[in-house]
Amino acid sequence: MPKLGNRLDVISESVTLKLNSLVKKMKASGEDVINLTAGEPDFLVHPSLNEKIKEALSAGKSKYTPVPGETEVREAIALKTNQQQLDLKKPWKAENVIVSNGGKHSLYQVFQAILNPGDEVVMMSPYWLSYPEMVKLGEGTPVIVETKPSDQFVATPEALEAALSPRTKAVILNSPSNPSGAVYTKSQFKQLAAVLERFPDVWVISDEIYDQIVFNDEGFCSFLSAVPEFQERTITVNGMSKSCAMTGWRVGWTVGPVELIGALTRLQGQSTSGINALAQAATLAGLALPQEYFSQLKNTYQKRRDLMLECLEKSGKIERVVPQGAFYAFVGIQSVLGSQETAVDFAENLLKEQKVAVVPGDPFGAPHFVRLSFATDEGSIQEGCRRIVSYMENKKNS
Ligand code: PMP
Ligand code: GLU
């Protein structure tokens, strides 16, 4: 075989996707594995999404779609975003939106569009594992701001300030956060924005893909609703995967200034073209669902979260932080790690010995933690946690 190029040498494989498919395979071959790796809702899409797809099929929607998305879909996304960002000087319109193949694709394209070689992108650890890899693909350099369990994994303004430099091109915010479950309040966003005001050439990329899954009393706060004056320098990314359980149909979007959307459209037009017509039809139905639908799902996740935390309480060796959003518990396991061990070793042994799959914290920048997903049924949560507690209690440090 002729040689590959070097461009991809800088990135690693997605551990979350790899583990999820490994566990699905183990289960399919009859192994009694509890899967707590899933980064996707376990329920089916609302029937109205299927209906919309059937309608689109009957209407013969099998042709190319406009590169940035169908106008109706872009309008619906602009409307949704405006409802979450009420005080904008210039409410978003369809021209401020590009629809892509999932939030991951949206973010990938954003880094391609805004970065020059050597530009720095600040992100909070624990971070979603694809951020650094996508930044590196854009020839940028990830710069990490560490957050602490004692601060509920919320970044302090001082820590952000220390990470900013003349080379900073963008800061990624992710509330609710994968993997930590951190949710930023309006006043916490305002404090971060006060620091960023002194760096007017820095973009803010706000990944709001878990917007419908927030458990605290204040509820979800979109970054631009806290600081509408940042409109010209903020890129909001969202999608259908988490809110509508539509992971496999691949719909995400980017909302931002027209010039940015133009650049992203050029890139998308030379790479994937406009996204799947049927998935866009389903998106329209998803965006039209009433708020009660999302509230009910949120309540289900909240019950599962509480159950998971209660089950984990049985081992004093597990460091727990109550997640305020998303569907992950990010728990500390340092007390049982040997001096040379990291969460990868822990997760491998747990899978081998107790048949429970969790995602190690290493690729999230937190090697003393593991991520447990509660996007699964209560029986799996109970049995999975029982096995984890048993493993923790019996583990001897090596
Ligand atoms: N952002 C975060 C924080 C995520 O956890 C994910 C993973 N699903 C995404 C973006 C992208 O999701 P998708 O590509 O399925 O829209
Ligand atoms: N984002 C989800 C997760 O963190 C799905 C997998 C992925 O896209 O990496 O598990």
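Quick caveat, the model's predicted, so the values are computed rather than measured. The residue count restarts for each chain, going from 1 along the sequence in the order it is written. The order in which chains are written sets their letters, starting at A; the order in which ligands are written sets their numbers, starting at 1. Since the coordinates come from a predicted model, pLDDT governs what is reported: local features require at least 70, and pairs of side-chain atoms require 80 or more to be given and counted, while whole-chain, interface and lining totals use all residues. With hydrogens and water set aside, each side-chain value is computed from the structure's full complement of heavy atoms.

**A short note on the overall build of the protein chain**
- In DSSP terms, a helix is any run of H or I states spanning at least four residues, a strand is any run of E spanning at least two, and both are numbered starting from the N terminus. When its secondary structure is counted, the protein chain shows 13 helices and 12 strands.
- Taking the principal axes of the C-alpha coordinates as reference, the protein chain spans close to 60 × 60 × 55 Å.
- When checking whether two residues touch, look at their non-hydrogen atoms; a contact exists if any pair is within 4.5 Å. Long-range contacts, defined as pairs at least 24 residues apart, comprise 76% of the intrachain contacts of the protein chain with a sequence gap of at least 6.
- Within the structure as shown, the protein chain displays about 17,800 Å² of accessible surface, and the carbon and sulfur contribution to it stands at 51%.
- Across the protein chain, the mean location of the 41 positive side-chain charges is 4 Å away from that of the 45 negative side-chain charges. Note on areas: these come from Shrake-Rupley sampling with a 1.4 Å probe, and a residue is covered only by the protein chains present in the view. Working convention for charge: Lys and Arg count positive, Asp and Glu count negative, and His plus the chain ends are omitted. In plain terms, the charge of a residue is placed at NZ if it is Lys, CZ if Arg, CG if Asp and CD if Glu.

**Focus on the state of the cysteines**
- Pairs of cysteine sulfur atoms within 2.5 Å are identified as disulfides in what follows. In the structure shown here, the tally under the stated rule is zero disulfides.
- We note that cysteine 385 lacks a disulfide partner, and the nearest cysteine sulfur, in cysteine 311, lies 5.0 Å from it.

**Some words on unusual backbone geometry**
- Cis geometry marks the peptide bond from serine 125 to proline 126, where omega comes out at 0°.
- Residue position: proline 126 is located in the loop between β3 (120-125) and α5 (130-137).
- A cis amide bond, omega 15°, links asparagine 178 with the succeeding residue proline 179.
- By the element assignment, proline 179 lies in the loop between β5 (168-174) and α7 (186-196).
- Unusually for a residue other than glycine, serine 273 sits at a positive phi of about 70°.
- Tracing the backbone through its elements, the reader meets serine 273 in the loop between α9 (258-269) and α10 (277-287).
- A positive phi angle is found at lysine 355, which is not glycine, with a value near 55°.
- Mapped onto the elements, lysine 355 comes out in the loop between α12 (343-354) and β10 (356-357).
- Under the scheme applied here, a residue whose accessible area is under 20% of the maximum for its type counts as buried, over 50% as exposed, and between as partly exposed, the area being computed with a 1.4 Å probe on protein chains only. Residue classification places lysine 355 among the partly exposed residues on the basis of a relative accessible area of 27%.

**So, the pattern of salt bridges**
- Salt bridges are counted wherever a side-chain nitrogen of Lys or Arg sits within 4 Å of a carboxyl oxygen of Asp or Glu. For the coordinates displayed, the defined rule picks out 14 salt bridges.
- The salt bridge involving lysine 136 is made with glutamate 133; its shortest N-O contact spans 3.2 Å. Residue lysine 136 and its partner glutamate 133 are located together in helix α5, separated by three residues, close to a single helical turn.
- Residue classification places lysine 136 among the partly exposed positions, given a relative accessible area of 29%.
- Classification of glutamate 133 by relative accessible area gives buried; the value is 14%.
- Put simply, glutamate 383 and arginine 387 hold a salt bridge, and the shortest N to O gap is 2.8 Å. Residue glutamate 383 and its partner arginine 387 are located together in helix α13 (residues 378-394), separated by four residues, close to a single helical turn.

**Quick notes on the site of ligand 1**
- For each residue, the test is whether any non-hydrogen atom lies within 4 Å of the molecule or strand; if one does, the residue is near. Lining the immediate environment of ligand 1, one finds 13 residues, of which Gly103, Asn178, Asp207, Ser241 and Lys242 sit closest.
- Polar contacts here mean pairs of N or O atoms no more than 3.5 Å apart (in protein, one a potential hydrogen donor and the other a potential acceptor; neighbouring residues in sequence count only if both atoms are side-chain atoms). In the environment of ligand 1, an oxygen atom lies 2.6 Å from a nitrogen or oxygen atom belonging to the side chain of serine 241.
- When the free accessible area of ligand 1 is taken as 400 Å², the share hidden by the protein chains comes to 93%.
- All amino acids are sorted into three groups, where Ala, Val, Leu, Ile, Met, Phe, Trp, Tyr, Cys and Pro are nonpolar, Asp, Glu, Lys and Arg are charged, and the leftover types, Gly among them, are polar. Here the shell around ligand 1 is built from residues that sort into four nonpolar, five polar and four charged.

**Description of the packing of aromatic side chains**
- Working definition: rings of Phe, Tyr and Trp (its six-membered ring) pair if their centres are within 6.5 Å, and the pair is stacked with planes under 30 degrees apart, edge-to-face with planes over 60 apart, and tilted otherwise. What the rule picks out here adds up to 16 aromatic pairs.
- Considering the side-chain rings of phenylalanine 330 and phenylalanine 369, the 5.2 Å spacing of their centres and the 5° angle between planes classify their relative orientation as stacked. Placement of phenylalanine 330 in strand β9 (residues 328-332) and of phenylalanine 369 in strand β12 (residues 369-373) is noted, with a sequence separation of 39 residues between them. Summarising the burial analysis for this pair, phenylalanine 330 and phenylalanine 369 share the class buried.
- Each residue in the set Phe43, Tyr210, Tyr301, Phe327 and Tyr328 is aromatic and connected to the rest through ring pairs, giving one cluster.

**Brief notes about empty space enclosed by the protein**
- Only protein atoms enter the 1 Å grid, on which a cavity is a set of points fitting a 1.4 Å probe that cannot get out and a pocket is an open set with protein on both sides within 12 Å along at least 5 of 7 lines, lining residues being those with an atom within 4 Å of a point. Grid points are joined across faces, edges and corners, and a volume is the space filled by probe spheres set on the points. The final tally for this structure, using the stated rule, is three cavities of 30 Å³ or more.
- Put simply, the largest cavity is a space of about 120 Å³.
- Together, 16 residues line the largest cavity, and Met124, Pro126, Asn174, Ser177 and Tyr184 are the ones closest to its centre.
- Where the lining of the largest cavity is concerned, the elements lending two or more residues are β3 and β5.
- Ranked by residue count, the leading element in the lining of the largest cavity is β5, at three residues.

**Details of the nonpolar core**
- Grouping buried Ala, Val, Leu, Ile, Met, Phe, Trp, Tyr and Cys residues that are joined through side-chain atoms within 4.5 Å yields what is termed a nonpolar core. Within the largest apolar cluster, 83 residues are counted, with the highest numbers of intra-cluster contacts made by Leu49, Phe111, Ile114, Leu160, Val171 and Phe223.
- Considering each element in turn, this core owes the most residues, five residues, to α7.
- Once residues within four sequence positions are removed from consideration, phenylalanine 223 is found in contact with Leu173, Phe189, Ala193, Val204, Ser206, Glu208, Phe230 and Thr234.
- Counting residues in each nonpolar core, the second largest holds 36 residues, with Ile213, Leu372, Phe374 and Ile381 among its members.

**Re the packing of helix α11 (residues 291-312) against α13**
- The N-to-C vectors of α11 and α13 enclose an angle of 20°; their axes lie 9 Å apart at closest approach. Here α11 is positioned roughly parallel relative to α13, judged by the angle of their axes. When you trace α11 past α13, the crossing you get is right-handed. Facing α11, whose interface residues are Lys303, Arg304, Leu307, Met308, Cys311 and Leu312, α13 presents Glu378, Ile381, Gln382, Cys385, Ile388 and Val389.
- Taken together, the residues that form the contact of α11 with α13 break down as eight nonpolar, one polar and three charged. Fitted lines through C-alpha atoms serve as axes, helices being fitted only where they are in contact, and the angles separating the N-to-C directions of these axes extend from 0 to 180 degrees. Throughout, the term roughly parallel applies to angles under 35 degrees, roughly antiparallel to angles over 145, roughly perpendicular to angles from 65 to 115, and oblique to all others. Put simply, a crossing is left-handed when the front helix is turned counterclockwise from the back one by less than a right angle, and right-handed when it is turned clockwise.

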